[in-house]
Amino acid sequence: MSTPRKIVLALTVNGQDHDLLVEPRRTLLEVLREELGLTGAKEGCGTGGCGTCTVLIDGRPARACLTLAADVQGASVLTIEGLADALDGDLHPIQRAFVDAHGIQCGFCTPGMILTAKALLDENPSPDEAEIRQALSGQVCRCTGYAKIVDSVQLAARRLAGEEETP
Amino acid sequence: MLRLPPTRWTRPPSLDAAVAALGEPGARALAGGTDLVVALKNRTGRPQCLVSLADACPAGIDTGGGGWAIGAATTLWDLERWTAPPSVAAIPEAARSVAAPPIRSRATVGGNLCLDTRCVFYNQSAFWRSGRPPCRKAGGEVCHAVPGGDRCHAVFSADLPPALAAVGARVRVAGPDGERRKDVADLYTGQGLAPLALAAAEVVLSADVPALSGRSGSAFEKIRARRGLDFAAASAAVWVEAGDDGACRSARVVLGAVDSGPVRVARAEEALQGSLLEPEALETAADAARRAARPVKNADFTPAYRRKVVGVAVKRAASRAWQRAVGAREASS
Ligand SMILES: Cc1cc2nc3c(=O)[nH]c(=O)nc-3n(C[C@H](O)[C@H](O)[C@H](O)COP(=O)(O)OP(=O)(O)OC[C@H]3O[C@@H](n4cnc5c(N)ncnc54)[C@H](O)[C@@H]3O)c2cc1C
Ligand code: SF4
Ligand code: FES
Ligand code: FES
C-alpha cells in the first residue's frame with residue numbers, strides 16, 4: 001500500500017484558526033493534544049465509553065477520540081481551554097459553579113462534564129434533574145457519585161438565568 | 001493513546017464517486033465513525049481506505065411522498081429531536097436510546113443500520129484478544145462463545161433497525177448497479193459473521209417510513225445495565241393498530257440484541273391481534289418472544305437473563321405502543 005498522504009486541515013479551535021498537515025488516521029483528540037498542545041481533553045478509554053475526551057464541535061458535544069480530524073474539516077471546536085475569559089482569565093459561570101458546588105474531585109472527567117453541560121444549557125437554559133442526568137449520561141465520573149455534578153449544573157443554570165448571584 | 005492503523009481517507013463529492021471509491025479493494029464506508037473508529041483501534045477491521053459518505057448520502061428527514069425518508073447521513077442527535085406522530089414514535093425513541101449524546105451528535109442512521117454484530121470475545125483490543133486463538137469472526141476457526149459451534153453467534157444490537165422494521169420501513173440502497181429498495185428486515189442475513197445483505201460497494205441512502213394509520217402507535221423498549229452508553233441486553237419494538245371495535249387489529253413485534261439479526265415474532269403478533277392488550281395477551285406475546293430469542297454466552301448478561309428480559313421489553317413496548325394508538329384514535333375522533 002502506498003503511504004497515506006497527509007491532508008491539509010483547516011480548523012478553528014477556541015476561536016483561533018489553524019491550518020494543519022495531518023495524517024488521515026489522526027483523531028481530533030490526537031490533534032488537539034499533540035499538535036496544538038491542548039491537553040484539557042483527556043484520553044480515558046479511547047473507545048467512546050468514558051467521555052473524558054468530549055469537546056464541542058460546532059456547538060454539539062462529541063467524542064474527540066472517535067472523531068477523525070479529517071472529518072471535521074472547517075469546523076469550530078471548543079475545548080475547556082477556550083471557556084474561561086480570554087482577556088482576564090475569569091472562569092466561565094459553569095466552571096465557577098462546578099468549583100462552588102463541589103462538582104470536581106480528581107478533575108479527570110471535569111472538562112467533558114463542563115462542555116457537555118454547556119451544550120445542554122445553550123439548548124435548554126433551565127433543565128430539570130432528569131434532563132441533566134440524560135445529557136450527562138455518557139460522562140463517567142469515578143469520584144463524585146454524580147450528585148454534586150448535577151448540583152453544579154443546576155447552580156450554573158440559576159446563575160446564568162440571573163436568578164442567583166455569583167459571589 | 002490508542003491509535004488507528006495507517007489508512008488512506010477520501011471524501012468523494014457525490015454518491016457516484018463514493019460508489020466508485022468503495023469498489024476499490026480494501027475500501028470501507030465511513031459515516032460518523034463511532035463504531036468503525038473503535039474497530040480500527042481494536043484492529044478488528046483493517047481497511048486500506050476509508051471512504052467518507054458525508055457528501056454522498058442525504059441528511060435530514062424528507063416529508064415529500066406521503067411518508068418520511070430519513071437520510072442515511074442524518075445524525076441520531078437530530079433524529080431523537082424529531083416530533084414524530086404516535087404511529088412512528090418508536091423511531092426517535094430508539095435513536096434516543098443509542099449510546100449517549102456526545103456519540104449521537106456524530107452517529108448516523110446509515111451507520112446504525114449497517115452496524116456490525118458484536119461479541120464480548122470480539123469487541124476487544126488486539127492485546128486482549130491475543131490471549132486466545134482468533135475466533136471465526138476474527139478470521140480463525142473456533143468460537144469462544146459456543147465451543148464446538150459451527151457458526152458465529154455475534155449479536156445484532158443496533159437499536160434503530162427493530163424500530164424501523166416494526167413500522168414497516170424500507171431502505172433505499174445504491175450501488176454499482178443502480179438503486180433498489182428493500183424491507184428493513186431484508187437488510188439482514190441473521191449471520192454473525194456477515195450480518196448485512198449488501199453487495200460490494202453498496203451504500204444505504206435512506207430509511208423510508210410509510211405514512212401509517214392514524215389509529216396506530218409504536219414504541220421501542222431497551223433493557224440494559226445503565227441508562228447511558230450501554231448496548232441492549234435485549235430490546236423490542238412494537239407497532240399496533242386499533243380497530244373499529246376498539247381491539248387491536250394488527251401488530252408487528254421485532255426483537256433486538258437476542259440473535260445475529262433483528263427477529264420478527266409472528267406468534268407474539270398473533271397474541272396481540274384481536275386483544276385489548278390485557279395482561280394475558282401481553283404475557284402470551286412475551287412468552288413467544290422468549291421462545292424466539294436465541295441468546296448465547298457472548299454478552300454482558302447471561303443468556304437466561306436476556307431471554308427473560310426480552311419478554312419484559314415486549315410487554316413494556318406493547319403497552320406504550322397501545323396507549324399511543326388509543327390516544328391517537330381518541331384525538332382524531
Ligand atoms: C460507547 C458506545 C456505545 C454505543 N452504544 C450503542 C447503542 O446503545 N446502540 C447502538 O445501536 N449503537 C451503539 N453504539 C454504536 C454506534 O455509535 C452507533 O451504532 C452509530 O449509529 C453508528 O453510526 P456511525 O455513523 O458512527 O457509523 P460508522 O462507525 O461510521 O459505521 C458503522 C458501519 O456502518 C457502515 N456504514 C456507515 N454508513 C453506511 C451507509 N450509508 N451505507 C453502508 N454502510 C454504511 C460502515 O462501513 C461501518 O461498517 C455505541 C458506540 C459506542 C462507542
Ligand atoms: S460468537 Fe464466537 S465466532 Fe462469533 S465473535 Fe463471538 S467468539 Fe467469535
Ligand atoms: S477517551 Fe473518548 S470516550 Fe473515553
Ligand atoms: S472528579 Fe474524578 S472522575 Fe470525576
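For the structure, check the block above.
Residues numbered from 1 in each chain as written. Chains lettered and ligands numbered in written order. Predicted model: local features only at pLDDT ≥ 70, side-chain atom pairs only at ≥ 80, totals over all residues. Heavy atoms only, no water.

(A) A look at the sheet that holds strand β12 (residues 263–264) of chain B. All names here are of chain B. Strand order across the open sheet formed by four strands is β9-β10-β11-β12, with antiparallel pairing between neighbours. The open sheet is flanked by β9 (216–223) and β12, the only strands paired with a single partner. In terms of strand pairing, strand β11 (residues 248–256) meets β12 through two bridges, oriented antiparallel. The residue of β12 that forms the bridge with L255 is V263. (Pairing = 2+ DSSP bridges. Helix = DSSP H or I, 4+ residues; strand = E, 2+ residues; numbered from the N terminus.)

(B) Up close: the interface of chain B and chain A. Residue-level contacts link 36 residues of chain B with 38 residues of chain A. Close ionic contact of E34 of chain A with R3 of chain B constitutes a salt bridge, the shortest N to O distance being 2.9 Å. At the boundary of chain B and chain A, one finds 11 residue pairs in polar contact (both at pLDDT 80 or more). Listing elements by their share of the side of chain B that touches chain A, those giving two or more residues are β1 (8–10), α2 (36–42), β3 (49–52), α3 (76–80) and α5 (101–104) of chain B. Looking at side-chain class alone, the side of chain B that touches chain A contains 17 nonpolar, 10 polar and nine charged residues. (Contact = heavy atoms within 4.5 Å. Salt bridge = Lys/Arg side-chain N within 4 Å of Asp/Glu carboxyl O. Polar contact = N/O pair within 3.5 Å; in protein donor to acceptor, adjacent residues only side chain to side chain. Nonpolar A, V, L, I, M, F, W, Y, C, P; charged D, E, K, R; others polar.)

(C) Broad picture of the sheet that holds strand β7 (residues 178–183) of chain B. All names here are of chain B. Strand order across the open sheet formed by five strands is β4-β5-β8-β6-β7, with antiparallel pairing between neighbours. Edge strands, defined here as strands with exactly one partner in the open sheet, are β4 (61–62) and β7. Pairing analysis gives six bridges linking strand β6 (residues 170–175) to β7, with the strands arranged antiparallel. Opposite V173, over in β7, you have R180 as the bridge partner.

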